[in-house]
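Coordinates in review
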Amino acid sequence: MTHARTQAKWHDHANGVAPSATMRDWLTDRVSLTYKLMAHCQQFRVQRLRQQRALPLAEEWRAIGLPRRQQVQERDVLLRCDGRPIVLGHTVLALDATTTEWPFFGSLGERSLGSTLFGDPLVARGQLQYARLYGGHPLVRRMCAASGVDSFPYPLWARRSAFRRKTGIMLVTEVFFPEIEELRRERADIKILSAGFSITSDLSRYIHPAHQLLSFGAAR
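1. What to know about unusual backbone geometry
For the bond from tyrosine 154 to proline 155, the omega torsion is 5 degrees, close enough to zero to count as cis. Along the chain, proline 155 falls in the loop between α5 (138-147) and β6 (156-165). You will see that aspartate 82, though not glycine, has its phi angle at about 50 degrees, which is positive. Position of aspartate 82 among the secondary structure elements: in the loop between β2 (72-81) and β3 (84-94). For aspartate 82, a relative accessible area of 37% corresponds to the partly exposed category.

Now the structure itself:
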């Protein structure tokens, strides 16, 4: 198993990973992924896999401004559409940022982190980066374990971006299951707005209570 397959090579442009046209749309769209997925399925669910202290991946600690590889707060979730896992969401941030810059992170439960981030005017999103992941990558191994499969057709497409709130940095990585390319139906009852917000009565269960009013206010 080569080093290149256990660590991702991140590119600043989607051309660096040569995605299909369908995948390029999922990778490069900067609206909330939660809202976009909801527009392509009837039942959306956030399933929390783990939220704990852990060492970041070798490719992560510099991206959140740590001086060395040390423990961080980590969160993994599956985003499910109509029961099927579609995206693995992986988040890391410094331990001391959880109660200062990101006060709601520890109490998200199975609410969507993305909808909370997009509803906070103090949050700024950085540049998207893109990668192809293979079977030896730690996030792919977690996807296999969570979905009960031995392997996937490789590569898997991934993107990541850093979110800043005041001086805190949160790195969010999203890895797409192959089934993402089958989500072609868009629900007529959900309108995705250019700012990344969506108007629908189904959203409140996925947004942290402290941000619900703010999120819907921004959408209007």
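2. Considerations on helix α2 (residues 21-28)
Among the residues of α2, those classed as buried are Met23, Trp26 and Leu27. Along α2, the residues classed as buried sweep out an arc of 95 degrees about the axis, all on the same side. Looking at the buried residues of α2, the elements they touch are α3 (33-38), β5 (129-133), β6 and β7 (168-176).

3. A short note on the pairing of β2
Here β2 lies mainly inside the structure; 10 of its 10 residues are buried. Burial along β2 is two-sided: Val72, Glu74, Asp76, Leu78 and Arg80 facing one way and Gln73, Arg75, Val77, Leu79 and Cys81 facing the other are all buried. Of the pairings in the sheet, the one linking strand β1 (residues 44-54) to β2 comprises 10 bridges and is antiparallel in character. Within the sheet, the bridge partner assigned to alanine 54 lies in β2 and is valine 72. Where β2 lies against β3, 10 bridges are found, and the strand directions are antiparallel. Residue pairing in the sheet places arginine 80 in a bridge with proline 85 of β3.

What counts as what
- Residues numbered from 1 in each chain as written.
- Predicted model: local features only at pLDDT ≥ 70, side-chain atom pairs only at ≥ 80, totals over all residues.
- Heavy atoms only, no water.
- Helix = DSSP H or I, 4+ residues; strand = E, 2+ residues; numbered from the N terminus.
- Buried < 20%, exposed > 50% of the residue type's maximum accessible area, 1.4 Å probe, protein only.
- Arc of directions from axis to C-beta.
- Contact = heavy atoms within 4.5 Å.
- Pairing = 2+ DSSP bridges.

Don't take any of this as a statement about function, it's just geometry.
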